[in-house]
Amino acid sequence: MVTLEDIQAAQKRIAGVAVRTPLLNVPLIEQKNSPHPELWQLFAKPENLQPIGAFKLRGAYNKIAALSEEERRRGVISYSSGNHAQGVAYAARALGTKAVIVMPGNAPKIKRDGTAALGAEIVTVGSGSEERKLRAEQLSAEHGYTVVPPYNDEFIIAGQGTMGLEILEDLPDVETVLVPVGGGGMLSGISAAIKLGAQHPVKVIGVEPEFAADAQASFRAGHIVNWSPEEVTRTLADGLRTQSLGDITFAHIRRFVDDIVTVSEEEIREAVRRLSVNPKLAAEPSGAVAVAAFLFHRNELPQTTRNVAILSGGNIDPAVLREIQNEQPMSARS
């Protein structure tokens, strides 16, 4: 299990590379008809402001920076639908090592292009997350590359956990933190940082799409549940199409997370639309799910005053964003 000291060490390691993102007030809720408007306060942590447009740089840099010189000389390999790919490519370039990324053929063009622009070699496979993992492991064995997993790794988890430390520093009286969950690296790290570092009780809630709800199914069942590629690729939230949690992330989630809720595709799109009004809060679908939960599933969340939602990334295809912005607004439900 990752310790508070591991996360603090990661915070020092990534300083000056990953942006220390602020907490921004999210004025998305119509409060005048609420009997308790004080319950509707939400701050976003905008990881779209990172150099790669997403939180993944934190874990990727922490992992690669911790490798030996010999490991970095041989190069690194990872597997990702986009944001982790860019995080690994950025970190590898900064640390002077070769990066090879196995990506699905249906990865958004904006993420493929961003990864290539950072100098990574891209290998394309099918849409399943397990398929790209197996291909990366095969290439690692053939060429001696060090695998940099997208989530199921203690250094990755500790790097993502630095967001939790920043939240505690910037909002010491935080009560609830909402975190997107795909493979669970971010949720594991943030929940560990919050639960180990807070001086008072704080609820940590994972959020994922209904169409890729393997994490909630696993959390409810008490064991890892796998979903098929056909099931998870139905969601627009491409960064959350992971078929299952990892054994390491699942152990952290069972220990530190209070609950996992799901949101619909319509709710995700509406959250993206509302957030796009403020350029600093522009979110891709995967990055907007925590805000969607706050907007439409308040009855499933702790009734707290000081709430934070992780806005995990903003790498959205411009055409998809325009389409969502032109849609009929959806009314919020408490």
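Above this text is the structure in question.
About the criteria used
Residues numbered from 1 in each chain as written. Predicted model: local features only at pLDDT ≥ 70, side-chain atom pairs only at ≥ 80, totals over all residues. Heavy atoms only, no water. 1 Å grid on protein atoms, 1.4 Å probe; cavity = no way out; pocket = protein on both sides within 12 Å on 5 of 7 lines; lining within 4 Å. Points joined across faces, edges and corners; volume = space filled by probe spheres on them. Helix = DSSP H or I, 4+ residues; strand = E, 2+ residues; numbered from the N terminus. Nonpolar A, V, L, I, M, F, W, Y, C, P; charged D, E, K, R; others polar. Buried < 20%, exposed > 50% of the residue type's maximum accessible area, 1.4 Å probe, protein only. Pairing = 2+ DSSP bridges. Axes fitted to C-alpha atoms, helices over the stretch in contact; angles between N-to-C directions. Parallel < 35°, antiparallel > 145°, perpendicular 65-115°, else oblique. Contact = heavy atoms within 4.5 Å. Patch = residues over 30% accessible without salt bridge, like charges linked within 9 Å, V, L, I, M, F, W, Y side chains within 5 Å. Areas by Shrake-Rupley, 256 points an atom, 1.4 Å probe, with all protein chains shown as cover. Salt bridge = Lys/Arg side-chain N within 4 Å of Asp/Glu carboxyl O. Lys, Arg positive; Asp, Glu negative; His and termini not counted. Charge placed at Lys NZ, Arg CZ, Asp CG, Glu CD. Core = buried A, V, L, I, M, F, W, Y, C linked by side-chain atoms within 4.5 Å. Expected span 1.5 Å × (residues − 1).

A. The layout of surface pockets, seen in detail. Considered as a void within the structure, the largest pocket measures approximately 580 Å³ in volume. For the largest pocket, the lining is made up of 41 residues, of which Lys56, Pro150, Tyr151, Gly183 and Thr242 are closest to its centre. Those elements that provide at least two residues to the lining of the largest pocket are α4 (83–94), α6 (129–143) and α8 (185–197). Residues belonging to the lining of the largest pocket are distributed by class as follows: 11 nonpolar, 21 polar and nine charged.

B. Structural context of the pairing of strand β10 (residues 307–311). The element β10 is largely enclosed, with a buried count of five among its five residues. Across the two faces of β10 the burial is the same, with Asn307, Ala309 and Leu311 and Val308 and Ile310 all buried. Pairing of strand β2 (residues 42–46) with β10 involves five bridges; the strand directions are parallel. Paired with Ala44 across the strands is Ala309, a residue of β10. As judged from the three bridges shared by strand β7 (residues 176–180) and β10, these two strands associate in the parallel manner.

C. Looking closely at the packing of helix α1 (residues 4–14) against helix α2 (residues 56–65). Their axes nearest at 9 Å, the elements α1 and α2 cross at an angle of 90°. By the angle between their axes, α1 is roughly perpendicular relative to α2. In this structure, α1 uses Ala10, Arg13 and Ile14 to contact α2, whose residues at the interface are Arg58, Tyr61, Asn62 and Ala65. Across the contact of α1 with α2, the residue classes break down as four nonpolar, one polar and two charged.

D. Molecular detail of empty space enclosed by the protein. Under the defined criterion, the tally for this structure stands at one cavity of 30 Å³ or more. In this structure, the largest cavity encloses a volume near 80 Å³. Surrounding the largest cavity, 15 residues form its lining, Pro104, Asn106, Ser127, Arg132 and Arg241 being those nearest its centre.

E. View of a negative patch on the surface. Taken together, the side chains of Glu5, Asp6, Glu154 and Asp247 present a region of like negative charge at the surface. Structurally, the position occupied by Glu154 is in helix α7 (residues 154–170). The class of Glu154 is partly exposed, set by a relative accessible area of 37%.

F. Expanded view of the nonpolar core. Leu178, Val207, Val263, Leu275 and Val291 are the most contacted members of the largest nonpolar core, which totals 33 residues. Every element with two or more residues in this core is listed here: β2, β8 (203–209), β9 (259–263), α12 (265–275), α13 (285–296), β10 and α14 (318–325). Here this core gets nine residues from one element, more than from any other, and that element is α13. Counting 26 residues, the second-largest nonpolar core is a separate cluster that includes Val174, Val179, Val181 and Ala215.

G. Focus on α6. With 15 residues, α6 should cover 21 Å at 1.5 Å per step; its first-to-last C-alpha distance of 21 Å lies within 8% of that length. Where α6 is buried, its residues meet β3 (76–79), β4 (99–104), β5 (121–125) and β6 (146–147). Trailing α6 by a residue or two, Gly144 shows a phi angle of about 80°, which is positive.

H. A look at the sheet that holds β4. Strand order across the open sheet formed by four strands is β5-β4-β3-β6, with parallel pairing between neighbours. Of all strands in the sheet, those with a lone pairing partner are β5 and β6, marking the two edges. In this structure, β4 lies alongside β5, joined through five bridges in parallel fashion. Paired with Val100 across the strands is Glu121, a residue of β5. Lying over the sheet, α4 contacts β3 and β4, oriented at roughly 170° with respect to β4. Strand contacts of helix α5 (residues 109–117): β4 and β5, with the helix running at about 170° to β4, the strand carrying the most contacts.

I. Structural context of the pattern of salt bridges. Tallied over the full model, the rule gives 21 salt bridges. Across the pair Lys111 and Asp238 runs a salt bridge, and its minimum N-O distance is 2.7 Å. Of this pair, Lys111 sits in helix α5 while Asp238 is found in the loop between α10 (229–232) and α11 (247–256), placing the two residues 127 residues apart along the sequence. Accessibility classification places Lys111 together with Asp238 in one group, the buried group. Here Lys195 ties to Asp258 by a salt bridge, and the two come within 2.9 Å at their closest N and O atoms. Taken together, the positions of Lys195 in helix α8 and Asp258 in the loop between α11 and β9 put the pair 63 residues apart, joining distant regions of the chain. What emerges from the salt-bridge pattern is a single network uniting Lys45, Glu47, Arg58 and Glu166.

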